[in-house]
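# Coordinate analysis (summary)
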Amino acid sequence: MTDGTEERARTPRQHERPPGTDDATVEALGLLSEALETTQRARGRLYDFHQITGGADKAVGEAVRRLREAGHGEQADLVEREVQGADVLPGMWTFQVVEAYDDGYLRRFTEVERQVRDALGDGRVHIAEAEMKQRRETT
């Protein structure tokens, strides 16, 4: 009976280099995968943008209320009219920016990356990383 260490150390088939795939192709697929991962990180930053901007808008609403309470109705009206609940891009609130990114660029990039990986790497993922892991592992 084994403890499974040897089995875990083997590269799963999904990470093995397909027969006949050269180093340059593996490197290019790795770079494309890395770029997609970076794009997914950017998506997370868009959610940060969405939530931070929403928080700021709530604070703007509170500032409008306090300006009115302090007797500064004209300035409160200005802030309310020009800033509170305003579009961050023409015709868009932050949730719409996130949705447009998801439905446009990110979806297109994800689909293209998969098509390239299917065509050149037999659909396998993280080939370069798995090979690096094998090279760096100690016995």
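First, a word on scope: everything that follows refers to the structure included in this document. (Residues numbered from 1 in each chain as written. Predicted model: local features only at pLDDT ≥ 70, side-chain atom pairs only at ≥ 80, totals over all residues. Heavy atoms only, no water.)

Within the protein, the regular secondary structure consists of five helices and zero strands. Mapped in sequence order, the helices and strands of the protein form the string α-α-α-α-α. Taken over 139 residues, the protein has a buried fraction of 23%. Long-range pairs, those at least 24 residues apart, make up 71% of the contacts in the protein with a sequence separation of at least 6. Approximately 10,100 Å² of the protein is accessible, and the part contributed by carbon and sulfur atoms is 54%. (Helix = DSSP H or I, 4+ residues; strand = E, 2+ residues; numbered from the N terminus. Buried < 20%, exposed > 50% of the residue type's maximum accessible area, 1.4 Å probe, protein only. Contact = heavy atoms within 4.5 Å. Areas by Shrake-Rupley, 256 points an atom, 1.4 Å probe, with all protein chains shown as cover.)

What follows deals with the side chain of T94. Relative to the assigned elements, T94 resides in helix α4 (residues 94-121). Owing to a relative accessible area of 9%, T94 belongs among the buried residues under this scheme. Of the polar contacts made by the side chain of T94, one reaches the side chain of H50; its length is 2.7 Å. Apart from residues no more than four positions distant in its own chain, T94 is found in contact with F49, H50, T53 and V88. (Polar contact = N/O pair within 3.5 Å; in protein donor to acceptor, adjacent residues only side chain to side chain.)

One can describe the packing of helix α2 (residues 23-69) onto α4 by two numbers: an axis separation of 10 Å at closest approach and a directional angle of 170°. Judged on the interaxial angle alone, α4 and α2 are roughly antiparallel. For the contact of α2 with α4, the class distribution of residues is 17 nonpolar, nine polar and four charged. (Axes fitted to C-alpha atoms, helices over the stretch in contact; angles between N-to-C directions. Parallel < 35°, antiparallel > 145°, perpendicular 65-115°, else oblique. Nonpolar A, V, L, I, M, F, W, Y, C, P; charged D, E, K, R; others polar.)

The subject of this paragraph is a nonpolar patch on the surface. Together, F49, V88 and L89 line one region of the surface with nonpolar side chains, adding up to about 220 Å² of accessible area. Inspection of the secondary structure puts F49 in helix α2. (Patch = residues over 30% accessible without salt bridge, like charges linked within 9 Å, V, L, I, M, F, W, Y side chains within 5 Å. Salt bridge = Lys/Arg side-chain N within 4 Å of Asp/Glu carboxyl O.)

Formed by L36, L46, V97, V98, Y101, L106 and F109, the largest nonpolar core amounts to seven residues. When contributions to this core are tallied by element, the ones reaching two or more residues are α2 and α4. Of the residues forming this core, the biggest block, five residues, is contributed by α4. Apart from the residues lying within four places of it in its own chain, the contact partners of L106 are L36, T39, Q40, R43 and Y101. (Core = buried A, V, L, I, M, F, W, Y, C linked by side-chain atoms within 4.5 Å.)

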